[in-house]
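# An overview of the molecular structure
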Amino acid sequence: MAAAEAVGTASATPAWRGGFGRLWAAAVVSKLGDSLRTAAMPLLAASLTDDPLLIASVTACGHLPWLLFGLLGGAVADRVDQRRAMWAVDLVRGALMAAFALAVALGHASVALLMAVAFALTTLQTLFDNAATALLPSLVPAGSLGSANARLQTGQQLAGTFLAGPLVPVLLVAGAAVPYAADAATYVLAALLVASLPAAGPERQRRKTGSTLRAEIAEGVRALWRDRTLRSLCTATTLCNIGMGALIATLVLHVTGWLDAGNGGYAAAVTAYGAGAVAGGILARRLAERTGRIRSVFLAGCVQTGCLLAMGTVRELWATVAAMALFGFMGLVWNANQVTLMQERSPDGMLGRIGSAFRTLAVAGAPLGALLGGGAAAAWGLNTPALVAAALFTLAVASLTPQIN
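Below is a summary of the structure that appears in this document. (Residues numbered from 1 in each chain as written. Predicted model: local features only at pLDDT ≥ 70, side-chain atom pairs only at ≥ 80, totals over all residues. Heavy atoms only, no water.)

### Notes on the pattern of salt bridges
Rules: Salt-bridge detection follows one rule: a side-chain nitrogen of Lys or Arg within 4 Å of a carboxyl oxygen of Asp or Glu. Each helix is a run of H or I in the DSSP string that is no shorter than four residues. Each strand is a run of E no shorter than two, and both are numbered from the N terminus. For every residue, the accessible area (1.4 Å probe, protein chains only) is compared with the maximum for its type, and the residue is labelled buried under 20%, exposed over 50%, or partly exposed between those bounds.
Counting across every chain of the model gives ten salt bridges. A salt bridge links R84 to D81, with the nearest nitrogen and oxygen atoms 4.0 Å apart. One salt bridge in this structure joins R293 and E344, with 3.2 Å as the shortest N-O distance. Of this pair, R293 sits in helix α10 (residues 293–313) while E344 sits in helix α11 (residues 317–345), placing them 51 residues apart in sequence. Given a relative accessible area of 1%, R293 falls into the buried group. For E344, a relative accessible area of 36% translates into the label partly exposed.

Rendered as structure tokens:
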């Protein structure tokens with residue numbers, strides 16, 4: 001494989017027929033349900049305990065399985081029928097959420113139960129996400145992968161930001177268990193949509209006699225390391241996720257404390273990010289066609305670095321709102337092209353393992369960044385996490401530089 005890709009990457013618009021439309025609908029519906037749950041669960045946790053450590057532990061349990069089982073999920077995804085794995089996982093998650101909703105309705109919720117549910121859902125997600133990444137190339141032509149990824153992520157952003165947000169308070173008025181029941185229903189609907197996809201999926205390589213999951217995981221990690229472009233992209237994404245962890249963990253303090261803009265200012269910043277991400281998804285394909293995928297990622301990182309510097313130095317709400325909108329725009333450009341590069345450059349039958357190795361390293365950066373951001377805010381001021389993130393994004397951009405020459 002070439003170390004870098006040519007400028008002017010072709011990316012045709014994917015046809016909604018042939019399975020992509022159903023996969024898109026399943027992804028958007030599932031994201032809506034997940035967003036309802038993730039918005040409601042911290043409120044439920046806060047109603048059960050006022051211990052910040054216990055409340056934070058619920059979130060931590062939602063990240064931990066990626067570190068424990070992420071690589072395993074990728075290896076399993078390469079072994080099994082991805083379509084069947086996805087709908088089976090969604091049915092299990094739907095049953096789990098339905099049981100949880102019943103427990104909440106009957107007054108049996110506890111912080112320990114919240115931790116267990118968060119851990120179980122993410123454990124199942126490690127298989128689902130890797131299988132979904134591996135399945136997509138079999139549903140759309142190679143030239144449509146970039147556009148397909150952008151459409152998937154744009155739809156999920158719309159559902160998570162602009163649909164789930166207004167729905168959560170309405171559902172909570174109907175009852176504390178209703179958001180979780182709605183999440184269960186979205187899992188079942190997504191399972192039905194995925195089960196209706198064409199049965200023929202990506203070809204899987206025949207495993208060697210005596211091959212073990214450990215050996216197959218190691219093979220995937222080695223394949224990621226040997227590809228210089230994917231290795232640089234993984235390094236850059238991990239650095240960016242550390243920076244994102246620092247920013248997200250302290251953004252509410254940045255806006256309400258350093259900017260003194262209150263909850264309304266925080267809502268404006270978050271909404272601007274979501275709107276920017278949607279616009280980025282719409283235009284990501286055109287940008288990649290003009291510059292090439294890896295150069296699009298490089299450009300996105302450069303612009304995001306500037307956004308973070310503006311946020312950390314300009315003490316005005318309008319500057320933060322504008323920076324967050326542009327930051328979200330370029331974030332979607334980065335994400336869509338990153339996934340497409342993995343799909344295009346991974347050897348046949350190894351996309352699940354390469355994707356899981358990539359994700360595991362990247363996900364590990366977020367909790368580390370949250371701790372770094374909290375420490376920086378406490379030591380040097382509420383604006384410093386944005387500057388720390390800018391420094392990490394600068395390192396990320398530097399790691400990509402050899403791939404664009």
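### Examining helix α12 (residues 351–380)
In an α-helix there are 3.6 residues to a turn, and that puts residues three or four apart on one side. What counts is decided by this rule: The length a helix should cover is 1.5 Å for every residue beyond the first.
Over its 30 residues, α12 extends 42 Å from the first C-alpha to the last, a length consistent with the 44 Å expected when each residue adds 1.5 Å. Phi turns positive, to about 125 degrees, at G381, one or two residues after α12.

### Focus on helix α3 (residues 82–105)
Taking 1.5 Å per residue, 24 residues should reach 34 Å; α3 reaches 34 Å between its end C-alpha atoms and fits that length. Positive phi appears at G107, one or two residues downstream of α3, with a value of about 80 degrees.

### Concerning the packing of α11 against α12
As a reminder, the rule being used: Note on method: axes are straight lines fitted to C-alpha atoms, helices fitted across the in-contact stretch only, with angles between N-to-C directions ranging 0 to 180 degrees. In this scheme the handedness of a crossing depends on how the near helix is turned from the far one: anticlockwise by less than a right angle means left-handed, clockwise means right-handed. Here, residues are in contact when the closest pair of their heavy atoms is within 4.5 Å. Residues are grouped as follows: nonpolar covers Ala, Val, Leu, Ile, Met, Phe, Trp, Tyr, Cys and Pro; charged covers Asp, Glu, Lys and Arg; every other residue, Gly included, is treated as polar.
At their nearest, the axes of α11 and α12 sit 9 Å apart, and the two run at 145 degrees to each other. Regarding α11 and α12, the two cross each other, and that crossing is right-handed. Here α11 contributes Q338, M342 and Q343 to the contact with α12, which in turn contributes L351, I354, G355 and F358. For the contact of α11 with α12, the residue count by class is four nonpolar, three polar and no charged.

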